Each structure stands twice: as structure tokens, then as C-alpha cells.
Amino acid sequence: MARKNAPALQRLLDACRKAGSITRKAWRVRTKRPAVRFSAADRKEKRLRRLEKKTTYNAAINEIHKQLREAAAEVRSRFPDHTLERVITDVFQSQRLKDSSKDISRYSAFTSLQMRALNANTPEGQPRQKVNQLSHIIAEKWRGMTEEERVAAMEDEIVALRERRENKELGMWHNADVSATHDSSMTVSRVKEELTRLAARTGDECILVVTRGSLSRFRPPETYCSSEKSESFLSTVMKTSGADLAMRMDAFMVLGVEGVARNHVQILTEMKSKKMFYTNFEDHVTRPFGIIIKNWPLKEFKNPSSISTRADVSILWNAWETGTAHFYMMTREEHQAWEQKQDEALVEARGRLQGVREKHAAEQTVQEERSGEEEDTPAGGGGGEGGPPHAGEGNPPPTPTTTFVHATVVTDASGVAVHSHSRTRKKRSDAGKPRKKRKTNVSRSQEGGAEA
């Protein structure tokens, strides 16, 4: 009795503390019904019957509303100080949700206990006996018990039934997201019906937004407005729509503040800051993000703004418009294999370049030794000033013939790699010219002291 007489606020706090902390369990036993198959003609006839029934029911409801308005007009004629809307509101107004629920009686607990005992031997799949069929047997057993026996026998059962009631109202179906989605949909539909009736009775306006709380849920965001005034409030004052508001709330609940769509200026600024890399595409896009391009229609991969012919632009446009050319995000395994191939090719190219440099250094050493021997010989031996220059005198090292080809990141329709530009370093204007040695601060100070 203490729980029943507790203040409404305390009961609400107790319910909030228990919500989400207990696992919901099955609170009734259902027998699987045999499936009934209907033919197309039967389904059509059933649909027509439902439509006729719905039309007739709506007509009857409209007729009742008409009669109620006529009765309200008659009441208003007797009480002129009340408006017609006031009378209609008083007619439709009724007490809604109860402040407290009825506590479980000992007889209800005894009935639940006896039904479990009587249905314990029922085979699986067979219909279970109902309370109305066994009520006389349960009543006879109850009348044969004394008051002390009833209190002692039903104390634990009443506690179990209270926990079962709380489990039914507040428990959650863990690891059963589909059941949670169905529960949410049916509960929200009942709430919307209550809000619609509330608006019809009192004229109160409301906006309801329901979204999921995590990515494991399958519920789409939903918005309910009680009338066109609520929708006009969202569009005129809030500068948004119900669907947009629900999607923003859903993004915030799932992803946090980063998932909420920002205003137009911020979005436009971010769009302008983004750019596409055509030069060194594999370094800027493929390596950090694992994205490649498939079915590039042209022979060369470059910026569309640098394409000079209209035919190539039209081919490229149609390829992307139809989805023939598209970006492809590699899987983790494909990306790792691509990076490994890149690293192996880079190591191989560096090895070849080092070999070329060592070979050139050896040739230059041999040439220097030969030039030293020729200086010791008399003039006119072909090594004088008029003779041909030696290979090692002032000649830069030969450019390696090895070409490093990146792994395929842009392919055409047949899977063949498309040539992409790699930006080369700009050649210095004084390349190959001897440069003067820069003077240090110490040497400059010494020169200044000597002049002084």
C-alpha cells in the first residue's frame, strides 16, 4: 500500500530510475495460430468489405458529430454567455489518464498462480486454458482458504506480479532491435492519436519529434504536427520543415554535434575549400583514402579544364553521368596490397638509381686516373688543349634511364592504366653554372677591419 499512496512525483522518479536498467521478459504465453492462405479474389473481396466498412463508419461518425453540434447549439441558446466552441469543448472533455494505478489484489495473484499450475501440463503448441473457463475452480479453492493462508501464500506472488508489471512497462528488449522498433512505432502511433484527440478537444497545438537513439536501431525519424499552424510555425519562425528538423535531430542523436547540418554559408565555405587533385593523384587521394578511378574514358588523366576538344569533354561528361567512370574505394586488403606494391617499386627505383650513380662515380674515377697519366706525357700526344675533352671533365652525371611507374590508380574500361601527370621540379635558371661561395659573417667582419 505504501507504493500506491506514494506521491506522483516519487513514482515517476522510481520509474525513470528503473527504465533501461531491467531486461524486458515475456509476460504472456501465445499459441501460434495456423496460417490462413487467401486467394486473390478473397483478398479483393476482403479489401472491398474493409473499404465499405470504413466509409460507413466515417459517415456514422460524421452524423454523430453533426448531432453533437446541433445539441451544443441548443445548449448555447439556453446559455448565451457561453460560446459554441466552449460548449463543444465541455462536451468532448473527459478525465484522461489516471493519476494512480490499481494495486494488485491477493485474488488476482492467486488467479495467476493457479492458471500457471493448471496449464503446466498443456502440451507445446496446444491452446492453453483461459481464466473464464477455470474461474469456478479457482473460486472454490480461494473460498476454502483462511485469511492467514491467503496472506502467507500470496505475499511472494504479489511481489512477482508487481515486478512483472514494471518489467512490461519499463523493460527493454536487449539484442532485439526489431522488437524495439515495433514497440516504438506502435507507442508513437498511440501517442499521436491521443495528441490529435487533445487538439480536437482543447485546441492545444503540439509538435512531436521521434528519432532513434543509436545506429543499431532501424527507426526512421518522424515528425508530427497537430495542425497546419504548427507546420507554419516551423516554416515561418524556425525556417525549417518537420522532415528537416527530424533528420537533424536524428543526426545529432547518432553522431553528435558534428552530424548536424550547418547553415548555408558554412556549407558553401567548406565546399569551396575542397579541391580535386589530378596531378600526383596517387599521393593526395589514393594513399591517404584508398580511392581509385575506374573506367576513365580518355587516354590521359588530367584536369577537365585543360581538355581542349569538345568531343573529349562530352565523352568524359557522359562517362561520369552514366556511372561508367566512377570512384572506387578499395578494401583494407586491397589498400594494403597497393601500398606494398608502391613501396616495393620505390625501393627498386632507388636501388637502380644508386647503381647508376655508383657506376658513374667509378667511370669518373677511371677518367681522372687516365687524365693524370696523360698530363705526365709530352705535348702532342692527343691530350693537349686542342684535344677532345675527357668524359669526366665538367660533365654532369648521366640521367638514370630507370622510370618509376606508380601502381595503377586510374584505369580505362579495359582495365589498362591511364597515364597521369606527376609534377616535376622546376629547373633552376643557373643550373650547370658554377656558383660563388657565400661569405660568412666572420669573413665580412675581417674584410671590414682590413679596409679600416
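Residues numbered from 1 in each chain as written. Predicted model: local features only at pLDDT ≥ 70, side-chain atom pairs only at ≥ 80, totals over all residues. Heavy atoms only, no water.

Novice: Could you give me a rundown of the side chain of Q114, with the residues and numbers involved?
Specialist: As for its position among the elements, Q114 is in helix α4 (residues 106–118). Looking at Q114, the relative accessible area reads 13%, which means it is buried. Excluding its chain neighbours within four sequence positions, the residues that come into contact with Q114 are I138 and K141. (Helix = DSSP H or I, 4+ residues; strand = E, 2+ residues; numbered from the N terminus. Buried < 20%, exposed > 50% of the residue type's maximum accessible area, 1.4 Å probe, protein only. Contact = heavy atoms within 4.5 Å.)

Novice: Explain unusual backbone geometry to me, and be specific about the residues and the numbers.
Specialist: For K239, which is not a glycine, the phi torsion comes out positive at approximately 60 degrees. For K239, the position within the fold is in the loop between α8 (228–236) and α9 (242–255). On the accessibility criterion, K239 (67% relative accessible area) is exposed. One non-glycine residue, N280, adopts positive backbone phi at about 55 degrees. Relative to the helices and strands, N280 resides in the loop between α10 (264–273) and α11 (281–289).

Novice: Explain the state of the cysteines residue by residue, including any values.
Specialist: Summed over all chains, the structure comprises zero disulfides. Unpaired in terms of disulfides, C206 finds its nearest cysteine sulfur in C225, a separation of 8.4 Å. The class for C225 is buried, based on a relative accessible area of 16%. (Disulfide = S-S within 2.5 Å.)

Novice: Explain a positive patch on the surface residue by residue, including any values.
Specialist: There is a patch of like positive charges on the surface, built from R28, R30, R33, K130, R164 and K168. The residue R30 is located in the loop between α1 (8–18) and α2 (40–78) in this model. (Patch = residues over 30% accessible without salt bridge, like charges linked within 9 Å, V, L, I, M, F, W, Y side chains within 5 Å. Areas by Shrake-Rupley, 256 points an atom, 1.4 Å probe, with all protein chains shown as cover. Salt bridge = Lys/Arg side-chain N within 4 Å of Asp/Glu carboxyl O. Lys, Arg positive; Asp, Glu negative; His and termini not counted. Charge placed at Lys NZ, Arg CZ, Asp CG, Glu CD.)

Novice: I'd like a description of the pattern of salt bridges, backed by residues and values.
Specialist: Taken as a whole and assessed by the stated rule, the structure comprises ten salt bridges. Residues D244 and R248 are paired through a salt bridge, measuring 3.6 Å at the closest nitrogen-oxygen approach. Highlighted residues: D244 and R248, both in helix α9, separated by four residues, approximately one helical turn. Residue classification places D244 among the partly exposed residues on the basis of a relative accessible area of 27%. Residue classification places R248 among the partly exposed residues on the basis of a relative accessible area of 34%. Salt bridges sharing common partners tie together R106, E147 and R150.

Nothing here speaks to function; it is geometry throughout.
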